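Overview (structure and organization)
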Amino acid sequence: MKQDIFKSKFVIEMKEATANLYRLGWDERNGGNISCLLTTDEVYPYLDGCRETRVVPMTFDASPLAGRYFIVTGSGKYFKNVCQDPAVNLGLIRIAEDGRSYEILWGFEDGGVATSELPTHLMNHIKRLSIDPGHRVIMHCHATHLLGMTFTHSLDEINFTKTLWEMCTECIVVFPDGIGIIPWMVPGTDAIGEATAEKMEKVRLVLWPHHGIFGAGATIDETFGLIETAEKAAEVYTIVCSQGGKRQSITDQQLQDLADAFKVTPRSGVLKLFSHN
Ligand code: 2HA
Ligand code: ZN
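Note that this is a predicted model, so its numbers are computed, not measured.

Helix and strand content of the protein: ten helices and nine strands. Relative to the compact-globule value of 19 Å for 277 residues, the protein shows a C-alpha radius of gyration of 20 Å, a close match. A burial count over the protein gives 52% of its 277 residues as buried. Within the protein, counting contacts between residues at least 6 apart in sequence, those at least 24 apart form 72% of the total.

See below:
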């Protein structure tokens, strides 16, 4: 028998994540978007025979995701409003067999469609799944201090990564691969999706200068935590700068010691270590 989709884990998690992101001020108006890959087992109890409702064409080839299900935020929808009306602001979609369209199975009840950043989301899902079979979530938001740093800090990935790692002891453990940065590009296009997915080959965080951040992970919680950790480091950086700049910091050797203790491999080229022999 069909179960109540409003009580599904995936709708509840999307409501919680969008509410938290809004509360933190990272998703003003229609800013931000989330997509989470779901298994047939997760979706099936909530759909009456999986009948399609509407078909929406796509301009790129998502055939590696043919038949896969996603819960996704809607184009032009406000994170602020997801909790009060999930059936309008969220949608459950399935990628068509030829990868050239998606079917809306539930949600977007006012005639809406999936996020304008769907190309980037799907291209990133394809890329991350090819590297990490446990991958499930892509999350985009306008994290305030990270966005601010794209105006004041060098946009060199190595320098940016090093600054974030230095700002909180946890950072190198949470994102040892560091951060990817693409050039400024027009959002919502296939081109920005391709550029972001290229970075996602090596990292789970990609910064869009003067716009926001994309994160990838195995769960909504984990992906949120990844973005939150980088954003906290950016906030500390902002405070450090406003207090007059660094007088001391975590050394490269200490960062390497952290990586060793937590058994992670830091991105090469960031730490400058001197050998003792
Ligand atoms: O969904 O954040 O990048 C609105 C955006 C576009
Ligand atoms: Zn955005």
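Another aspect to go through is the coordination of the zinc ion (ligand 2). In the first shell of the zinc ion (ligand 2), the protein supplies His 140 (NE2), His 142 (NE2) and His 211 (NE2), at 2.1 Å from the metal. Here the donor residues for the zinc ion (ligand 2) map to a single chain with the spacing H-x1-H-x68-H. Residue classification places His 140 among the buried positions, given a relative accessible area of 1%. A relative accessible area of 13% means that His 142 is categorised as buried.

This chain's UniProt record puts "active site" (unreviewed entry) on Glu 117. Turning to its location among the elements, Glu 117 is positioned in the loop between β5 (101–107) and α4 (118–131). Residue Glu 117 is classed as buried on the basis of its relative accessible area, which comes to 4%.

With that settled, the discussion passes to the site of ligand 1. By nearness alone, every residue bordering ligand 1 is listed as Asn 30, Gly 31, Gly 32, Asn 33, Ser 116, Glu 117, His 140, His 142 and His 211. Glu 117 is positioned with one of its side-chain polar atoms (N or O) 2.6 Å from an oxygen atom of ligand 1. A distance of 3.3 Å separates an oxygen atom of ligand 1 from a polar atom in the side chain of His 140. Protein contact buries 88% of the 220 Å² of open area that ligand 1 shows by itself.

For helix α1 (residues 9–23), which comprises 15 residues, the first-to-last C-alpha distance of 21 Å matches the rise-based estimate of 21 Å (1.5 Å per residue) to within 8%. Inspection of α1 places Phe 10, Val 11, Met 14, Ala 17, Thr 18 and Leu 21 among the buried residues, and these make up the whole buried set. Relative to the axis of α1, the buried residues are bounded by an arc of 130 degrees and lie together on one face. Along α1, the residues that are exposed and aim more than 90 degrees away from the buried face are Lys 9 and Arg 23. Positive phi appears at Gly 25, one or two residues downstream of α1, with a value of about 85 degrees.

Turning next to helix α8 (residues 190–199). Residues of α8 that are buried include every one of Ile 192, Gly 193, Ala 195, Thr 196 and Ala 197, and no others. Elements that come into contact with the buried residues of α8 comprise α4, β8 (205–208) and β9 (212–217).

On to the sheet that holds β5. On the basis of which strands lie adjacent, the open sheet formed by nine strands has the order β2-β5-β4-β3-β1-β6-β9-β8-β7 and mixed pairing. Whereas interior strands pair on both sides, the edge strands pair on one side only; in this sheet they are β2 (54–57) and β7 (180–181). Bridging between β8 and β9 involves four bridges; their strand directions are antiparallel. Bridged to Leu 205 within β9 is Gly 215.

The tally for this structure, following the rule as stated, stands at four aromatic pairs. Arranged with centres 5.6 Å apart and planes meeting at 90 degrees, the rings of Phe 10 and Tyr 46 form a pair that is edge-to-face. Of this pair, Phe 10 sits in helix α1 while Tyr 46 sits in the loop between α2 (40–43) and β2, and the two are 36 residues apart along the sequence.

Another aspect to go through is the pattern of salt bridges. Taken as a whole and judged by the stated rule, the model has eleven salt bridges. Across the pair Glu 166 and Lys 246 runs a salt bridge, and its minimum N-O distance is 3.0 Å. One end of the pair, Glu 166, is in helix α6 (residues 157–167); the other, Lys 246, is in the loop between α9 (220–242) and α10 (252–261), and 80 residues separate them in sequence. A salt bridge links Glu 222 to Arg 204; the shortest N-O distance between them is 3.1 Å. Of the two residues, Glu 222 is situated in helix α9 and Arg 204 in the loop between α8 and β8; the sequence distance between them amounts to 18 residues.

Our next topic: the UniProt feature "binding site: Zn(2+)" (unreviewed entry) in the protein. Within this numbering scheme, the UniProt entry marks His 140, His 142 and His 211 as carrying the feature "binding site: Zn(2+)" (unreviewed entry). Their sequence span is 72 residues, while the largest C-alpha to C-alpha distance among them is just 10.1 Å; these annotated residues converge on one region. With respect to the helices, strands and loops of the structure, His 140 is situated in strand β6 (residues 137–141). With sequence-adjacent residues up to four places away left out, His 140 is seen in contact with Asp 27, Gly 32, Asn 33, His 121, Trp 208, His 211, Gly 212, Ile 213 and Phe 214. Along the chain, His 211 turns up in the loop between β8 and β9. Setting aside chain neighbours within four positions, we find His 211 in contact with Glu 117, His 140, His 142, Leu 147 and Pro 187. Within the structure, His 211 has its side chain in polar contact with the side chain of His 140 (distance 3.2 Å).

What counts and how
Residues numbered from 1 in each chain as written. Chains lettered and ligands numbered in written order. Predicted model: local features only at pLDDT ≥ 70, side-chain atom pairs only at ≥ 80, totals over all residues. Heavy atoms only, no water. Helix = DSSP H or I, 4+ residues; strand = E, 2+ residues; numbered from the N terminus. Rg over C-alpha atoms; globule rule 2.2 N^0.38 Å. Buried < 20%, exposed > 50% of the residue type's maximum accessible area, 1.4 Å probe, protein only. Contact = heavy atoms within 4.5 Å. Donors = N, O, S within 2.8 Å, 3.2 Å for Na, K, Ca; no water. UniProt positions renumbered as here; feature names shortened; annotations may be inferred. Near = heavy atom within 4 Å. Polar contact = N/O pair within 3.5 Å; in protein donor to acceptor, adjacent residues only side chain to side chain. Areas by Shrake-Rupley, 256 points an atom, 1.4 Å probe, with all protein chains shown as cover. Expected span 1.5 Å × (residues − 1). Arc of directions from axis to C-beta. Pairing = 2+ DSSP bridges. Phe/Tyr/Trp six-rings, centres within 6.5 Å; stacked < 30°, edge-to-face > 60°. Salt bridge = Lys/Arg side-chain N within 4 Å of Asp/Glu carboxyl O.

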